[in-house]
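Understanding the architecture of this molecule
So the chains spell out like this:
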Number of protein chains: 2
Amino acid sequence: MLKAQVTLFSKTCEYGIRAAVYLASQSVLSRKVSLKEVAKEIDSPEAYTSKILQKLVKGGVIVSEKGPTGGFSIEANQLAYVTLEQVVLAIDGNELFVKCGLGLKQCNDKAPCPMHVKFKVIRDELQDMLRSTTVVELSKRIDEGLGFLKN
Amino acid sequence: MLKAQVTLFSKTCEYGIRAAVYLASQSVLSRKVSLKEVAKEIDSPEAYTSKILQKLVKGGVIVSEKGPTGGFSIEANQLAYVTLEQVVLAIDGNELFVKCGLGLKQCNDKAPCPMHVKFKVIRDELQDMLRSTTVVELSKRIDEGLGFLKN
DNA sequence: TTAATAAAGGATATGTAGGTCTATTATTTG
DNA sequence: CAAATAATAGACCTACATATCCTTTATTAA
């Protein structure tokens, strides 16, 4: 009875970030990666991951090439600039950064709900964190054995 | 295609917080409130709100009395101590405060995912905010016209 | 002691995030 | 060009959060 899901990021977004970080780890090696490999390396369902990667492509976060020798990657000149915020925005849009914590539609800075001010502080810090963190930075930790992307 | 829900709190939790804040606003006036009134005042589905209030009762956050003149309330001697954290814990448990941001099961302080350290900072700040915010404090803002609980 | 009121609780329905399947399109190489 | 490889795309399925319905239990007061 009444089990509520409670995660900061949606599952979709979790996969998206993991995928982007993995792609970054391979793109620094100038490797393109197939959907199959991404799904395997981040332990995600392949078909679903396909949809997520498509969104990242449409959002300009990653690029894709069809055919044999094709695959997904982050462009070399973009690598240093792709942030977690871009990934989240491409997948979920900016709702996470603007929506009322209590789910109230007319809540905003001018007409705030009672939790607004305190909530905004946290939400802004989350956004700052995501904006100032690059996927390639996170991928480096994996190389150093200070992190992993699969279960 | 691929629409992801992206909210910090589950809908259930949003209703729960709004309900608790409304109950606080009335409990300072020594008023007990019926389910119907709660649902009306926080603009939530009545039957569903019933389940949520039951959880808050079981979690010891609020109390209930049956029969005519019955209703829900926060005990007078508890009013100053009921925090948003307690409400969230009663409804969703502590997952929000412990789960990996990337959804990785074995991620923890000792064996962190690449996002762990930065994520933990935000998550802890969120928990601190919830722990240091009482529902009665938020209810005061409504009285002062500095907030609302319904759409 | 019965009628009215209100919460509790179980069973059931709905909507949407999450996930799958299959056909199509693009590209490469022999 | 044909065969193989890989992404794209749309339709479809599933599970669970969200929501409803209805019966039961507790309490009050006339």
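Description of the structure in this document. For every chain, the first residue of its written sequence is number 1, and the numbers climb from 1 along that sequence. Think of it this way: whatever chain is written first is A, whatever ligand is written first is 1, and the rest follow in order. With the structure being a predicted model, the display of local features is reserved for residues of pLDDT at least 70 and the display and counting of side-chain atom pairs for 80 or more, all residues being used for whole-chain, interface and lining totals. Derived side-chain values reflect all non-hydrogen atoms in the structure, with water molecules and hydrogen atoms excluded from consideration.

Description of the relation of the copies chain A and chain B
Turning chain A through 180 degrees and shifting it by 0.0 Å along the axis lays it on chain B, with an RMSD of 0.1 Å. On the angle and the small slide along the axis, the relation comes out as a two-fold axis. Proximity to the rotation axis, assessed at the C-alpha, singles out A:L8 in chain A; its C-alpha lies 2.5 Å from the axis. Looking at chain A, 100% of its interface residues are interface residues in chain B too, so the copies touch through the same face. The superposition of copies rests on a least-squares fit of C-alpha positions from residues with pLDDT of 70 or more in both. We call two residues in contact when some of their heavy atoms are within 4.5 Å.

Considerations on the pattern of salt bridges
Should a side-chain nitrogen of Lys or Arg be within 4 Å of a carboxyl oxygen of Asp or Glu, the pair is scored as a salt bridge. As enumerated under the stated definition, the model contains 20 salt bridges over all chains in all. As a salt-bridge pair, B:R31 and B:E37 come within 2.9 Å of each other at their nearest N and O atoms. Burial status follows relative accessibility: with a 1.4 Å probe on protein chains alone, a residue under 20% of its type maximum counts as buried, one over 50% as exposed, and anything between as partly exposed. Its relative accessible area of 34% is what places B:R31 among the partly exposed residues. Measuring nitrogen to oxygen at the nearest pair gives 3.4 Å for the salt bridge that ties B:K99 to B:E95. According to the relative accessible area criterion, B:E95 is partly exposed, its value standing at 34%. Taken together, the shared-partner salt bridges connect A:K40, A:E41 and A:K150 into one network.

Take it as geometry only, folks, not as evidence of what the structure does.
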